[in-house]
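# Architecture at a glance
Residues per chain are reported as follows:
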Amino acid sequence: MGAVSGVPVTLDWPNFWAGFAVCFVVTGALWTLAAMHFHRIGFWSNRRFKYMTKHFADGVYRSSLDGRQICANPALVKLNGYDTEAELLSAVEDIAVEWYVDPNRRQEFKDILKRDGVVEDFVSEIYRHKTRERIWITENARLIRDKKGRPLFYQGSVREVTDTVRRLEIEERFTRFSEQVPGGLFQVKWGSDGTFTSPYLSQGVSELFGGLPEDVQADSSCLFRMIHPDDYSAYLKSAIDSARNQTTWHSEFRIVRRNGSKRWLSVNGTPEIEPDGSCIWHGFVTDITERKRSEDKIANLAFYDPLTSLPNRRKLLEELEHTLAKSCVGETHGALLFLDLDNFKSLNDSKGHAVGDELLSAVAERLKESVREGDLVSRFGGDEFVIVLKDLGQKPDAAQRLAESLAERFRAAIDQPFALSGSTFHTSPSIGSVLFKGKEQSVDELLQQADSAMYVAKAQGRNTVRFYNAAMQEPLEEELTLSSALRDAVQHDHLDLHFQKQVDQDGRIVGAEALLRWHHPDHGPISPARFIPIAEKSGLILKVNDWVLRRSLSVLSKWRRIPHLCDVKLSVNISPRQFNQQNFVPRLLEDIRTLNINPEQLVIELTEHVMADDNGGTAEKMMHLKQEGVGFSLDDFGTGYSSLAQLKGLPFDELKIDGSFVRDIEANESDRAIVRTIIAMAESLGITTVAEWVETEAQRQFLSDEGCPVMQGYLFGTAIPISAFETLVAATRGASAQQSVTDQDLQAVSA
Ligand code: C2E
Ligand code: MG
Ligand code: MG
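These remarks concern the structure in this document. (Residues numbered from 1 in each chain as written. Chains lettered and ligands numbered in written order. Predicted model: local features only at pLDDT ≥ 70, side-chain atom pairs only at ≥ 80, totals over all residues. Heavy atoms only, no water.)

### Observations regarding the pairing of strand S12 (residues 376-381)
Cut-off, in case you're wondering: Type-normalised accessible area, obtained with a 1.4 Å probe on protein chains alone, sets the label of each residue: buried when under 20%, exposed when over 50%, and partly exposed for intermediate values. Secondary structure elements are defined from DSSP: runs of H or I of at least 4 residues count as helices, runs of E of at least 2 residues count as strands, and each element is numbered from the N terminus. At least two bridges found by DSSP between two strands are what make those strands a pair.
Burial analysis of S12 places 5 of its 6 residues in the buried class, the great majority of the element. Bridge count between S12 and strand S13 (residues 384-389): 5 bridges; the pairing is antiparallel. Its bridge partner being in S13, Ser 378 is matched across the sheet by Val 386. Linkage of S12 to S13, two consecutive antiparallel strands, is achieved through a turn of 2 residues, within which Gly 382 is found at a positive phi near 45°.

### A closer look at the site of ligand 1
Stated precisely, the cut-off is as follows: In this text, near means that some heavy atom of the residue lies within 4 Å of the molecule or strand in question. Counted as a polar contact is a pair of N or O atoms within 3.5 Å, where, for protein atoms, one must be capable of donating a hydrogen and the other of accepting one, and residues adjacent in sequence contribute only when both atoms are in side chains. Methods summary: accessible areas were calculated by the Shrake-Rupley approach with a probe of 1.4 Å, and residue burial reflects only the protein chains presented. Charged residues are taken to be Asp, Glu, Lys and Arg, nonpolar residues to be Ala, Val, Leu, Ile, Met, Phe, Trp, Tyr, Cys and Pro, and polar residues to be all remaining types, Gly included.
Taken together, 22 residues lie around ligand 1, and Arg 517, Asp 635, Trp 693, Glu 695 and Tyr 714 are the ones closest in. In the environment of ligand 1, an oxygen atom lies 2.8 Å from a nitrogen or oxygen atom belonging to the side chain of Asp 635. Interatomic distance of 2.9 Å between a backbone N/O atom of Tyr 714 and an oxygen atom of ligand 1. For ligand 1, whose free accessible area comes to 790 Å², the fraction covered by protein is 84%. At the level of elements, strand S19 (509-520), helix H19 (528-538), helix H20 (541-559) and strand S23 (631-637) are the ones that each hand at least two residues to the shell around ligand 1. Of the residues that constitute the shell around ligand 1, the class distribution is 9 nonpolar, 6 polar and 7 charged.

### Re the coordination of the magnesium ion (ligand 2)
Each pair of donors in an ideal four-coordinate tetrahedral metal site encloses 109.5 degrees, whereas pairs in an ideal six-coordinate octahedral site enclose 90 or 180 degrees. Heads up, the condition is: Atoms of type N, O and S within 2.8 Å of a metal are treated as its donors, and for Na, K and Ca the window is 3.2 Å; water is not considered, so some sites may appear to be missing partners.
Every protein donor of the magnesium ion (ligand 2) is accounted for by Glu 513 (OE), Asn 573 (OD1), Glu 605 (OE) and Asp 635 (OD), and the metal-donor separations fall at 2.1 to 2.2 Å. Along the chain, the residues donating to the magnesium ion (ligand 2) fall in the pattern E-x59-N-x31-E-x29-D. In this structure, the magnesium ion (ligand 2) is positioned 3.9 Å from the magnesium ion (ligand 3), and both are ligated by Asp 635. Of this pair, Asn 573 sits in strand S21 (residues 569-573) while Glu 605 sits in strand S22 (residues 602-606); the two residues are 32 residues apart in sequence, bridging distant segments of the chain. With relative accessibility at 26%, the residue Asn 573 sits in the partly exposed group. Among the residues examined, Glu 605 registers a relative accessible area of 1% and is labelled buried.

### As for the coordination of the magnesium ion (ligand 3)
Only Asp 635 (OD), Asp 636 (OD), Glu 692 (OE) and Glu 692 (OE) from the protein reach the magnesium ion (ligand 3) as donors, at distances of 2.1 to 2.5 Å. If you list the donors of the magnesium ion (ligand 3) from N- to C-terminus, the spacing comes out as D-D-x55-E. Residue Asp 636 is classed as partly exposed on the basis of its relative accessible area, which comes to 25%. Since its relative accessible area comes to 7%, Glu 692 is described here as buried.

### So, the sheet that holds strand S17 (residues 465-467)
Put simply, the rule reads: For helices, the fitted axis covers only the stretch in contact; all axes are lines through C-alpha atoms, and the angles between them, taken along N-to-C directions, range from 0 to 180 degrees. Residues are treated as being in contact if the distance between any of their heavy atoms lies within 4.5 Å.
Sheet architecture is open: 5 strands sit in the order S12-S13-S11-S16-S17, paired in mixed fashion. One side of each edge strand has no neighbouring strand; the edge strands of this open sheet are S12 and S17. With direction set aside, neighbouring strand axes in the sheet form an average angle of 20°. Relative to the sheet, helix H17 (residues 443-459) contacts strand S11 (333-341), S12, S13, strand S16 (429-437) and S17, its axis offset from that of S16 by approximately 145°.

### Side note on the packing of helix H22 (residues 584-594) against helix H24 (residues 618-627)
Defined as follows: Every angle not falling under 35 degrees, over 145, or within 65 to 115 is termed oblique; those three ranges are roughly parallel, roughly antiparallel and roughly perpendicular. Take the far helix as your reference; a near helix turned counterclockwise from it by less than a right angle gives a left-handed crossing, and one turned clockwise gives a right-handed crossing.
In contact at an axis separation of 10 Å, H22 and H24 are set at 10° when each is read in the N-to-C sense. As the angle between them shows, H22 and H24 are arranged roughly parallel. Crossing hand, H22 versus H24: right-handed. Where H22 abuts H24, its residues Phe 584, Val 585, Leu 588 and Leu 589 lie against Lys 621, His 624 and Leu 625. Of the residues in the contact of H22 with H24, the class split is 5 nonpolar, 1 polar and 1 charged.

So this is what it looks like as structure tokens:
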């Protein structure tokens, strides 16, 4: 900006010289009169000439045709750096070579005089004669002839214009520079009378604005009229603040060009107060449309879901904060709806992700069509959508009724068939809703409450809407407390592993199942059936599972070296999430190698859920481990939806008939039939059957009669501490006490 200030920006070269001539007339009136006289009084004596020109501000001279100085007035003497005329006259021998920086200038000067008899405004760079400093002058001169017309001498006036030339040079350079910089340079003046003028606007400014009227410099209000109405007040405020505080003016705004196209511009200006009280900004303006586009794109990525184009969770949280603040001010109610699609997962699994995505987009469209103007529909994640209903009024009952009817509208909209990829699909939503007013609850609390209500809607038959009430919160809070206690337990090593034996038909121990035990400091033992699902929800499961696997591997590492234990198999429950981890297989194989474990002693128990979470690699992973000797057991068979045929592609070595069938063997004929069929089918597939929860002799007898080779249950023993299990094996196999493994041994291996 500094480069701009101080430059007489209204001047350009041709105008300048015209102005300069005018200047001569005005400022040197006396000289002009005299100059006019020269035409007639060329014959004046040198003495008279000196007398006449003594007080002129401009230098006046006579010079001989061959380039010497004949007379010079005091101004010319001074211009040449001398004190007296005598000094000057004696010093100058040839004006052509000593005075003009370009010696050809003298010849050009003479040629013009010869041709026209006069030179006017003859601008040259010359040397100040005495000091040899380069300066700029302008000359007016005339050839004086005698009565017969013969040339006598030249007579003229000289004015130094170095400052002006330098300024013009700067201006020219500046103009060239402004043509090269992107955008435009400007001076905008806010007059004390409130008018806006632009002493200078580079060509770039006009291009940015898509052309400007000719009188824009005199009246710049048209620039303001082109500013987008939404940006106008911020733009004006930034200018006013800058003028008031004399701080840099910066503003980013849109303009609407005459042809209707829109551009984003950025203006930066330095203000300066003029003596008359007006404020002038020297600055530049640039086109930032592309930058704004990229920023928008980035903002979209960060705040919108790419699949449905709906606001994402982040945007929702932000908007929700605003809505709560607004509801606080207006004391109006709003509602949060948490919508989860029923059976989406199975559609996604069975029809593929592409169809799943198509359904989510179609659901988003229906929600958008059903939402009132001003309300917000967002995609919270997966198949969950959150809707914010605003301005439901100040009366709670009316707000509740309105929220209910709007929620019902969404439910009904989704509960209609969808035509996707040429087929018709049906889904329905479970919607949990919570009413809010002001900031009585935080955003997190509201989401949690709507989520709890949604779970109740799911539990109560799906495809329904449930409003939150305080009773719904209790199980959730208990879950949260348990989850944090479990985190503590993992951290402080308060978990324990017990082994439950598995026996063959003769009652001999052939293996054990590792079962996790957690003794809560206040609540005592907590069943894994209760805390494992909580760990799965909170993501803690990976840590828990990892701990179990490490502990089991350290036991197997020891067992390999103990003769009576080196053929006992250990079944370890592995959750789908753990198994589907990318590095699960390589890490396990690495541990098997480094701990020198016999892989055949390890059996991995998986449930059929491993296939639901599958990313396509379950069979390959299983195959890889199986080739290394690791065994696989399908746990809880019969409780899920998989048929044996579906599981045929997976290399299971055994399947565990779920305890619920075994439990009812005696009382229930159909359970007996199921168990019988499973054993027969498994046998035909070459798979070993293990029956769980065998509690009575009658159950054992039935299973034995049906040919079930391995059993596990309280009839044979509950899960017991590892050391107790090892002592038991040693005792039943007649091994010596020294051969059994102590807990200290295990600690050593673990370490
Ligand atoms: P599961 O893998 O099917 O384990 C068998 C469950 O049946 C165990 O319950 C065991 O104590 C119980 N059980 C054994 N014999 C009988 C019986 O005769 N009658 C009855 N009613 N129950 C019997 P537990 O230990 O409570 O484990 C429950 C579930 O928790 C397990 O079912 C398994 O799914 C999970 N779990 C246990 N330990 C782990 C573990 O280390 N990792 C993972 N991921 N899950 C585990
Ligand atoms: Mg199990
Ligand atoms: Mg089981």
